[in-house]
Amino acid sequence: MQVLYTAHATASGDGRDGHVRTSDGTVALDLAVPKEMGGSGDATNPEQLFAAGYAACFHSALRLVGRRAKADVTGSLVEAEVGIGPNGSGGFGLTVALVVDLPAVPREAAEQLVAQAHQVCPYSNATRGNVEVALRVREALAA
C-alpha cells in the first residue's frame, strides 16, 4: 500500500485518565474514564474519539460511492456507536453500529450504498474480522 498520509498522536498521563495530543497540536484533549466504567466521565474517552473518526471516515466513503452511483446524498449523516466491554478472554473488545441517514435515497438503494461504503471505508477495512460492525439505514421521516 502506498501511504498517502500518516497521523501522529501521543498519549500521556494515566492512559484513559490522561491526555492525547497530535503532533501538529490540532487535537489536544484530556481523557477520562466514562462514568459507566467507574470513572469521572469529565472528559472525552477513546471510544468517543474512535466513534467520531469512524463516522467521519464512513461518511466520506458513503458520499464517494453515492457520487459514483449518481445518488442524491444531500442531507446524509452517519452516526457511529462504539461499545466497549469484556471479551471473555481477560481483555476488552469493541462493537460498532453505524446508523446512516440518506433521506433522498430509496431504502433499497440506500442499503446498497451503505454496503458499498463498508467495502471502501478504511476504518471498515481495518475492523473487518476484528470488530463486530452492524450497519443500519435509518427510516426516513415522513414529510
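Here is what the cut-offs are and how they apply
Residues numbered from 1 in each chain as written. Predicted model: local features only at pLDDT ≥ 70, side-chain atom pairs only at ≥ 80, totals over all residues. Heavy atoms only, no water. Helix = DSSP H or I, 4+ residues; strand = E, 2+ residues; numbered from the N terminus. Buried < 20%, exposed > 50% of the residue type's maximum accessible area, 1.4 Å probe, protein only. Pairing = 2+ DSSP bridges. Axes fitted to C-alpha atoms, helices over the stretch in contact; angles between N-to-C directions. Left-handed = near helix turned anticlockwise from the far one by under 90°. Contact = heavy atoms within 4.5 Å. Nonpolar A, V, L, I, M, F, W, Y, C, P; charged D, E, K, R; others polar.

**Q** Help me understand the overall build of the protein in this model?
**A** Along its length, the protein carries 3 helices and 6 strands. Going from N to C terminus, the protein has its helices and strands arranged as β-β-β-α-β-β-α-α-β. With the principal axes as the frame, the protein shows a C-alpha extent of 50 × 35 × 30 Å. For the protein, the residues scored as buried account for 31% of the 143 residues in total.

**Q** Mind showing me how you'd approach unusual backbone geometry here?
**A** Here the phi dihedral of Lys70 falls at roughly 60 degrees; this positive angle occurs in a residue that is not glycine. Here Lys70 shows up in the loop between α1 (46–68) and β4 (77–86). We classify Lys70 as exposed; its relative accessible area is 76%.

**Q** Which parts of the structure should I look at to understand the sheet that holds strand β1 (residues 9–14)?
**A** Pairing within the open sheet is antiparallel, and its 3 strands lie in the order β1-β2-β3. For this open sheet the edge positions go to β1 and β3 (28–30), each flanked by a neighbour on one side alone. Neighbouring strand axes in the sheet, compared pairwise and without regard to direction, differ in orientation by 15 degrees on average. In the sheet, strand β2 (residues 17–22) pairs with β3 via 3 bridges, with the strands oriented antiparallel. Its bridge partner lying in β3, His19 is registered against Asp30.

**Q** Help me understand the pairing of strand β5 (residues 92–101), please; the structure alone is not making it clear to me.
**A** Consecutive residues of a regular strand have side chains that alternate between opposite faces of the sheet. For β4 and β5, the ladder comprises 10 bridges, and the chain directions are antiparallel. When the bridges of β5 are listed, Ile84 appears paired with Leu94. Connecting β4 to the next strand, β5, in antiparallel fashion are 5 residues, including Gly88 with a positive phi near 85 degrees. Judged from the 6 bridges that link them, β5 and strand β6 (residues 132–137) form a sheet pairing that is parallel. By the bridge assignment for β6, Val99 is matched with Arg136.

**Q** Looking at this model, I keep getting lost on the packing of α1 against helix α2 (residues 107–120). Mind explaining?
**A** Helix packing geometry: the angle between the two helix axes and the distance between the axes. Viewed as axis vectors pointing N to C, α1 and α2 meet at an angle of 120 degrees, and their least axial separation amounts to 8 Å. Where α1 crosses over α2, the two elements pack in a sense that is right-handed. Of α2, the residues touching α1 (which contributes Tyr54, Phe58, Ala61, Leu62, Leu64, Val65 and Gly66) are Leu113, Val114, Gln116, Ala117, His118 and Val120. For the contact of α1 with α2, the class distribution of residues is 10 nonpolar, 3 polar and no charged.

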